[in-house]
Amino acid sequence: MAKITAVLVDASTLKKEVAEGVDLMVVRELTGGIYFGKPRGFGTNENGEEIGYNTEVYAAYEVDRIARIAFETARKRSSKLCSVDKANVLEASMFWRKRVMAIAEEYPDVELTHMYVDNAAMQLVRNPKQFDTIVTNNIFGDILSDEASMITGSIGMLPSASLGESGPGLFEPIHGSAPDIAGQDKANPLATILSAAMLLKYGLGEVKAAERIELAVLNTLDRGFRTGDIYSDGNKLVGCKEMGEQVLKSVDTKTPASV
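Throughout this document, residue positions are counted from 1 along each chain, in the order its sequence is written. Per-residue local features of the predicted model are confined to residues with pLDDT of at least 70, and side-chain atom pairs are confined, for both listing and counting, to 80 or more; whole-chain, interface and lining totals are unaffected and use all residues. Hydrogens are left out, water is left out, and the side-chain values use all remaining heavy atoms of the structure.

Undergrad: Quick rundown of the overall build of the protein chain? Include the residues and the values.
TA: Helix and strand definitions here come from DSSP, where helices need a minimum of 4 consecutive H or I residues and strands a minimum of 2 consecutive E residues; each element is numbered from the N-terminal end. If you tally the helices and strands in the protein chain, you get eight helices and 11 strands. Taken over C-alpha atoms, the radius of gyration comes to 20 Å for the protein chain, in line with the 18 Å a tight globule of 259 residues would show. Over its C-alpha atoms, taken along the principal directions, the protein chain stretches across nearly 65 × 45 × 35 Å. Across the 259 residues of the protein chain, 43% fall into the buried class. The criterion used for residue contact is that any of the two residues' heavy atoms lie within 4.5 Å. Counting contacts in the protein chain only where the partners sit at least 6 residues apart, residues at least 24 apart contribute 65% of the total. Accessible surface, the protein chain: about 13500 Å² in total, of which carbon and sulfur atoms supply 54%. We compute the radius of gyration over the C-alpha atoms and compare it with the globule rule, which gives 2.2 Å times the number of residues raised to the power 0.38. Here the term buried applies to any residue with accessible area under 20% of the maximum for its type, exposed to any over 50%, and partly exposed to those in between, with areas from a 1.4 Å probe on protein chains only. Surface exposure here means Shrake-Rupley accessible area, sampled with a 1.4 Å probe, where a residue is shielded only by the protein chains that are shown.

Undergrad: Could you give an account of the packing of helix 4 (residues 117–126) against helix 5 (residues 138–149), with specific residues and numbers?
TA: Every axis corresponds to a line fitted to the C-alpha atoms, with the helix fit spanning only the stretch in contact, and the corresponding angles, defined between N-to-C directions, vary from 0 to 180 degrees. Two numbers describe how helix 4 lies on helix 5: the axes approach to 10 Å, and their chain directions differ by 10°. In terms of orientation, helix 4 and helix 5 fall into the roughly parallel class. The segment helix 4 lies against helix 5, with Val-117, Ala-120, Ala-121, Leu-124 and Val-125 engaging Phe-140, Leu-144 and Glu-147. Residues are grouped as follows: nonpolar covers Ala, Val, Leu, Ile, Met, Phe, Trp, Tyr, Cys and Pro; charged covers Asp, Glu, Lys and Arg; every other residue, Gly included, is treated as polar. Residues that form the contact of helix 4 with helix 5 fall into these classes: seven nonpolar, no polar and one charged. Oblique is the label for any angle not covered by the other classes, which are roughly parallel (under 35 degrees), roughly antiparallel (over 145) and roughly perpendicular (65 to 115).

Undergrad: Report on the pattern of salt bridges, specifying residues and quantitative values.
TA: Salt bridges are counted wherever a side-chain nitrogen of Lys or Arg sits within 4 Å of a carboxyl oxygen of Asp or Glu. Scanning all chains against the criterion turns up 12 salt bridges. Residues Arg-97 and Asp-85 are paired through a salt bridge, measuring 2.9 Å at the closest nitrogen-oxygen approach. You can see Arg-97 sitting in helix 3 (residues 91–104) and its partner Asp-85 sitting in strand 5 (residues 80–85), a full 12 residues away along the chain. Taken together, the shared-partner salt bridges connect Asp-23, Arg-77 and Asp-132 into one network.

Undergrad: Help me get a handle on unusual backbone geometry, residues and values and all.
TA: Looking along the chain, the bond that leaves Lys-38 and enters Pro-39 is cis, with omega of 10°. Here Pro-39 lies in the loop between strand 2 (23–28) and strand 3 (41–44). Not every positive phi belongs to a glycine, and Ser-79 is a case in point at roughly 60°. Mapped onto the elements, Ser-79 comes out in the loop between helix 2 (60–75) and strand 5. Even without glycine at this site, Asp-185 takes up a positive phi of about 60°.

Undergrad: Quick rundown of the packing of aromatic side chains? Include the residues and the values.
TA: Pairing of aromatic rings covers Phe, Tyr and Trp, the last through its six-membered ring, and needs centres within 6.5 Å; plane angles under 30 degrees mean stacked, over 60 mean edge-to-face, and all others mean tilted. Using the criterion set out here, one finds two aromatic pairs in the structure. When the centroid spacing of 5.5 Å and the interplanar angle of 65° are considered together, the rings of Tyr-58 and Trp-96 count as edge-to-face. Residue Tyr-58 is found in the loop between strand 4 (50–53) and helix 2, and its partner Trp-96 is found in helix 3; the two are separated by 38 residues along the sequence. Here Tyr-58 and Trp-96 have matching classes, each one buried.

Undergrad: Tell me about the pairing of strand 5, residues and numbers included.
TA: With five of six residues buried, strand 5 is to be regarded as a mostly interior element. In this analysis, strands are considered paired if DSSP registers two or more bridges between them. Looking at chain direction, strand 5 and strand 6 (residues 111–116) are connected through six bridges and run parallel. Residue Cys-82 lies in a different strand from strand 6, and its bridge partner there is Thr-113. Think of it like this: strands point away, you trace from the first strand over the helix to the second, and a clockwise trace means the crossover is right-handed. For the crossover from strand 5 across helix 3 to strand 6, the handedness is right-handed. Bridge count for strand 5 against strand 7 (residues 133–136) is four bridges, and the pairing is parallel. Across the sheet, residue Ser-83 finds its bridge partner in strand 7, namely Val-135.

All we've got here are geometric facts, nothing functional implied.
Pasting the structure below:
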């Protein structure tokens, strides 16, 4: 999930008028596609040249599963879903689009659109506010979610969730473990904190509790606290521990935050 508020817009590499107000969710299929498809491996072609190969393959149940999760997610947001594929050249994407359109019949209240992945990558930096919820396959989602993270100015700001059909989900920051800064009190804890808010909202249905955490994060930022990855002149540079403590203070005081 990538969300830009007024207090963080200066951390984005995009122009203020492009980045401010962005609030989008990328729903990525995680267990299929080219990362897991077979056959895969190394070999030689008919000319005796070395080759490497992978297979992009999806079964109907895999597409249907992630499509339903995406439609349900869109329902909780603005009821707008964009399915990203490459159906103009890839058979696997043609099949993806066919299945998403079939599942769309179960969700007549959600507006469905389609976009080719190359155009989607461009539109994410050209006009990201046009998107609300995006659903896409494994490899496209891997790329687009990282691109979306930089709209916020830092990958350290993005929460994520890995969801099955019946739960439980795994809620965690979109970024990795960053072993290069382990133990140095430099990491941005906000993606982890916002992942807890996502768990409350999407995993447990506790919307008010989630909003309380989200507002606490906004209030902390509004008071000028920044870790190094989102720091700019005029703000207070703090470490991971103090940033977490400041968010906790905001939760305890229930201080209203600007958005």
